[in-house]
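One letter stands for each residue in the lines below.
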There are 2 protein chains.
Amino acid sequence: MPYDDIFAKAEQAFARYKKLPATARAHLLRTIADEIDNLGDELLQTAHRESHLPLTRLTGERGRTVNQLRLFASLVEEGTWLEATIDTALPDRTPIPRPDLRRMLIPLGPVVVFGASNFPLAFSTAGGDTASALAAGCPVVYKEHPAHPQTSQLVYAAIKSALQECELPEGIFQHVRGGKEVGKQLVEHPQARAVAFTGSYQGGKALFDLACRRVAPIPVYAEMGSVNPIFVLPEKAVGNGEQLAAQAAQSVLLGVGQFCTCPGLIFYPAAEATPAFLETFAQKLRDTPAEKMLHETICRNYYHHLKGLHAQEGVDLILSPAEDILSGGAALAKTTLQQWLQNPALQEEIFGPYALVVTYEEVTELQQVAKKLQGQLTCTLWGTSHELQASSELVDLIREKCGRLLFSGVPTGVEVSHAMTHGGPFPATTDSRSTSVGTYAIKRFARPVTFQSAPQELLPEELKDENPLGMWRTINGQLSKDSL
Amino acid sequence: MPYDDIFAKAEQAFARYKKLPATARAHLLRTIADEIDNLGDELLQTAHRESHLPLTRLTGERGRTVNQLRLFASLVEEGTWLEATIDTALPDRTPIPRPDLRRMLIPLGPVVVFGASNFPLAFSTAGGDTASALAAGCPVVYKEHPAHPQTSQLVYAAIKSALQECELPEGIFQHVRGGKEVGKQLVEHPQARAVAFTGSYQGGKALFDLACRRVAPIPVYAEMGSVNPIFVLPEKAVGNGEQLAAQAAQSVLLGVGQFCTCPGLIFYPAAEATPAFLETFAQKLRDTPAEKMLHETICRNYYHHLKGLHAQEGVDLILSPAEDILSGGAALAKTTLQQWLQNPALQEEIFGPYALVVTYEEVTELQQVAKKLQGQLTCTLWGTSHELQASSELVDLIREKCGRLLFSGVPTGVEVSHAMTHGGPFPATTDSRSTSVGTYAIKRFARPVTFQSAPQELLPEELKDENPLGMWRTINGQLSKDSL
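Position labels on residues start from 1 in each chain and follow its written sequence. Labels are handed out in written order, letters beginning with A for the chains and numbers beginning with 1 for the ligands. This being a predicted model, a pLDDT of at least 70 is required before a residue's local features are given, and a value of 80 or more before pairs of side-chain atoms are given or counted; all residues contribute to the totals for chains, interfaces and linings. Water and hydrogen atoms were dropped before computing side-chain values, which therefore reflect all heavy atoms in the structure.

A. Up close: the overall build of chain A. Elements are defined by DSSP. Helices are runs of H or I of four residues or more, strands are runs of E of two residues or more, and each kind is numbered from the N terminus. Scanning chain A from N- to C-terminus turns up 16 helices and 19 strands. Since a compact globule built from 484 residues should have a radius of gyration of about 23 Å, the 24 Å found for chain A is in line with a globular shape. When accessible area is computed with a 1.4 Å probe and restricted to protein chains, residues below 20% of their type maximum are described as buried, those above 50% as exposed, and intermediate ones as partly exposed. By the burial criterion, 63% of the 484 residues in chain A qualify as buried. Contact definition: two residues touch when any of their heavy atoms are within 4.5 Å. The contacts of chain A with a sequence gap of at least 6 include a subset with a gap of at least 24, amounting to 75%. For this measure, only C-alpha atoms enter the radius of gyration; the expected value for a globule follows 2.2 Å times N^0.38, where N is the number of residues.

This is how it looks when you write it as C-alpha cells:
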C-alpha cells in the first residue's frame, strides 16, 4: 500500500515512544519548542512570504506555538490527564469477589495530522494537533499544507533536530508532502489510528467520510469552522452602537477574516440607531485597506461566495469590495430575521473579512434563531448585566449549539489553556466531544485500558501501588495522591 | 419523519431534565432501581421465560442492574465526572489579557439505546446504557429487543412509575417496539444525538454506517463482542492442565457461551501434556448438559458457524455437539498456530459455548499472534510469576489490542466499577475511546462547553466561584475543592 514505509516506521517508533517516561516525552516537547525558537527570524520571514500574514501576527503565533508545546510538556509531567483509576480487590465480597482493576489512558498509535492554511505555525507542522498527539504518546504522520511548504520544512527541521537531541527515532514525526490524494491515502492506511484536521467543511467532511468507510474506522477530529454568531441584546445596543461596531469590525478584520472564529453573523436589534450602527461598522471596515489573503484560491472563493450572497433574496450588501486576485476587501451585508430564518444559505461561512447583520424586532425571536442555528465553534451574547440576567432561557438554547459561549469580548483569540473548548456540534467539527485547542486536546489521541489482577512489575508506573509519580488517581472512587 | 413525535417529546423533556440539580437526577436513578426491585419475582420469571436464562443468573443480573443505577446516582452527586475546569482571568497579562474561562461537560441530548438479547436486564431497558445516559442528563429513546418484549415492558413500567414519582416528564424515557427498520429510523432521526448498542458485529456496524451517513453524523457506541483470547504460557501449563481446563470450560459455558467476554480462543503450548489438557477441557464441557440458548436464531447461527468452522483446513473438532433447535451444546476445536496465523476466519466469534485451542511451539510465536490479532474486549495472560515477569514485551503488544487485560481469572464477569473498561479497538467496538460498563460510560453522552467571561448568575452551579456543590474542579491547572 502507499505509505507502508512511513507507517512501518511510525509503528516501530511507537513501540519505543509509548514506553518513554513522561519526563522524557515532556523533554522532547520542550526541545521542539526551543528548536523552533532557535529558527529565529528566518521562520517568521518565510511564513510571512508564504502566507502574507504580517510579522507581528506571526511573532504572536510563534509564541503561541512554543507555549503550547511547553504547556503540554507540563501536562504530561503532571499526569492527571491519564485518568489513572484503581479499584482495589475485594477478595471476601459475596456472592463473588472483586478483582483488582487498574485503568488508565494509553496512546492510540500513529496519527495523521493535516496542516492548516490559516495558521502556518500554531495549527500546522508543530501546532496544537502535533503537540497534543506527541504529548499523548502518538507518533505523527504530518501532511503539510501546500500553501506554506518552506515554513513547514523549517519547522520539520526543528522537530528533527529535537528528536536527534533527545536520541529518539525519526519515526516519531514524519513529514509528507502532497495534495488531496496523498491525504486520502494517509487516512486510508490501515495503520493510521486517528486524524486531526483544521480547515474547510468540504475538506474535513471528506476525511471523515473516508475514515468511516475504512475496514476499521478511526476517529477524525476535523475542525471545520463556523459563522460564530454574536447576539446583541436591545439595551446593550442603546448608546453603544459605535463601540460595538468598532469591536465587531476589529474581530472581523483579524487575519483578513481568516480565523475559524471570525464573527460572520451578527443579530442586532432593529431600532432607530441601527442604521448608525451599520454605518459605523461599514466605515470601520472601509477604513482598513484590503490586505492580502493567504492564497489566491481562498481569495477567489471569498469573492465567489460574496457574489452568491448578493444573489440571495432580501440581502443588502452595505459594503461590497472590488474583486482582486489576492487582496480580501471587507464586506458587510444586512438582512432581516425573517429572511434569515427562511434561508439556510445565510448560515454558511464565507471565509474572509465579512459579516452579515441580521436585524430582529423582539428579543424573544432570538430563541427561534438559537433553535435554527447549526453547530458553532462559538456564540457570543452581548447584553447589559440586567439583560444577561434575564437571558437564562436563551443561554440554555445557545449553549446546545456551540463549544464556547462568550458574554463579552470577541470570539477571535482562542486562549490555549485548560478550560478552553475549541470545538462544537457538527458542522463546526466532526466530533463535538473534543477540543482542538487547550490541554483537553490530548484526550483525542488516547483510549482506556484496564489491567485486571496484574502483577506490580507489569503495571505502568502510573498504576503501581506506591504511586511513584505522585500523581492524582481515582482510588475506589475517590481522587487521591496516596499510595496503596 | 417517522418518530418525530417521540423525539419532539424527548427534546422537550431534555430542556427540563438537563437543568435538574444533580441530586434530583440521582434521585430518579435510585427511584428506578427501587421500582425494579419492587417488580419482584414477576420480573425474574418473565425474563426467564423469554430468555431461558436460569433464575439464579437473572437474580444476579437484576442485582447488577439496580446497583449500576445506584452507582451512577452517587457518581452524579459527586460531580468530578463533569471535568469542571476554570482558568481565572489575567486582566494584566501582556500582550493580551486572559479572559475568565470555565468549562464543563454537558449532556448531548436525546440518545437512542438498543436492548441486548443476552442481558435482558443489565444491558437492556434500564441497563448500563440507559443508566449512564440518564446520569449524563440525556433523555433515552429505547428500542426494545424483540427477544424479551414482556421483560422490557415490565422494566419500562418501573421507569414510568419512577418518573411519575419524581414528577418528571415521560419524555425522559420512551420505549419503542420494533425490528431493524425501526432501529434504522431512530438512528437516522435528526434529533438523535448518540447511539448505544450491544450485540452482533453486523448489527453494530450497520448502525455505525447509518450514523456516519447522516447529514449530521453522531457517535455510535456499539459493543460488538470478540473472541477474548487466553494466552497460556508454557510453565503455567505444566502440572496445571486439569485446573486450567476446568477454569476455561466454566467460563466458556457461562450463560451458554452467550457472553460478549466468552473466551473463544485459547493459545496453549504444544507439549506432552497437551492432549490431556484438551481431553479434560472436552470432558468438562461434555459433563454439562446442553442448555437452551436465548432464542432460535442465535442457536441456528451457532450450529451454522460450527459447521463453517468444521470446513476450515487444519481445524479438528474435538467435541462436536448434535444440532438442536434451541439447546446449545458445547463445542471444542483445535488447530495449530501456523493454521491460525494463515486463516483470518479463525479469529471470528462464534456466539455460543465454543472454544478453539491453538497450540504453539515457542512462546516467542505469541508476539506474532498479538500483532495479527483483531481488536478485543479482553485478552488474558496466564503464566507463572516468573513467566509473567518475563513477558513485558508480549504485554506491550497485547494491550494494543484490547480494552481489558487479565493476568488471572477469566474474562467473563465484568465488574461494574470505576476502573472497568468494557470496550476495545475495532471490531470489538466502534469507539475504542469508550467503555459501556463502569462509571466512565457516562462520558459517552456528554461534550464540553466553555463559558467565557460569564456573569456568575448565568453559570451552572458547578462553575460558580463559591463551588456550591463542593466538587473537585481543575482551577488554573490544579485539582481543588476550593472556592474562588
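The discussion continues.
B. Spatial organisation of the pattern of salt bridges. Salt bridges, as used here, are contacts in which a Lys or Arg side-chain nitrogen is within 4 Å of a carboxyl oxygen on Asp or Glu. Evaluation of the coordinates by the stated rule reveals 46 salt bridges over all chains. For the salt bridge of Asp431 of chain B with Arg433 of chain B, the shortest nitrogen-to-oxygen distance reads 2.9 Å. In this structure Arg433 of chain B comes out as partly exposed when scored by relative accessible area, which is 24%. Connected through salt bridges with shared partners, the residues Asp431 and Arg433 of chain A together with Asp431 and Arg433 of chain B form a single ionic network.

C. Structural context of the interface of chain B and chain A. Chain B puts 71 residues into the contact, and the matching count from chain A is 71 residues. Defined in terms of a 1.4 Å probe, buried area is the accessible area two parts forfeit on being brought together, summed over both. With both sides pooled, the region where chain B packs onto chain A buries about 6200 Å², and carbon together with sulfur makes up 56% of that total. Broken down residue by residue, the surface that chain B buries against chain A is led by Arg399, Arg433 and Leu458 of chain B, which jointly contribute 12%. Between chain B and chain A we count eight salt bridges in total. Glu415 of chain B serves as the salt-bridge partner of Arg93 of chain A, at 2.7 Å between the closest nitrogen and oxygen. We define a polar contact as two N or O atoms separated by no more than 3.5 Å, with the added condition that, inside protein, one atom must be a possible hydrogen donor and the other a possible acceptor, whereas residues neighbouring each other in sequence contribute only through side-chain atom pairs. Summed over the shared surface of chain B and chain A, the result is 42 residue pairs in polar contact (both at pLDDT 80 or more). By residue number, the principal contributor to the side of chain B that touches chain A is strand 17 (residues 446-452) of chain B, which donates seven residues. Per-class residue counts for the side of chain B that touches chain A are 34 nonpolar, 16 polar and 21 charged. Strands pair, by our definition, only if DSSP identifies at least two bridges between them. Here three bridges tie strand 17 (residues 446-452) of chain A to strand 16 (residues 402-406) of chain B, and the two strands are oriented parallel to one another. Bridging from a neighbouring strand, Gln452 of chain A pairs with Leu406 of chain B of strand 16 of chain B. Polar here means any residue other than Ala, Val, Leu, Ile, Met, Phe, Trp, Tyr, Cys and Pro, which are nonpolar, and Asp, Glu, Lys and Arg, which are charged; Gly is therefore polar.

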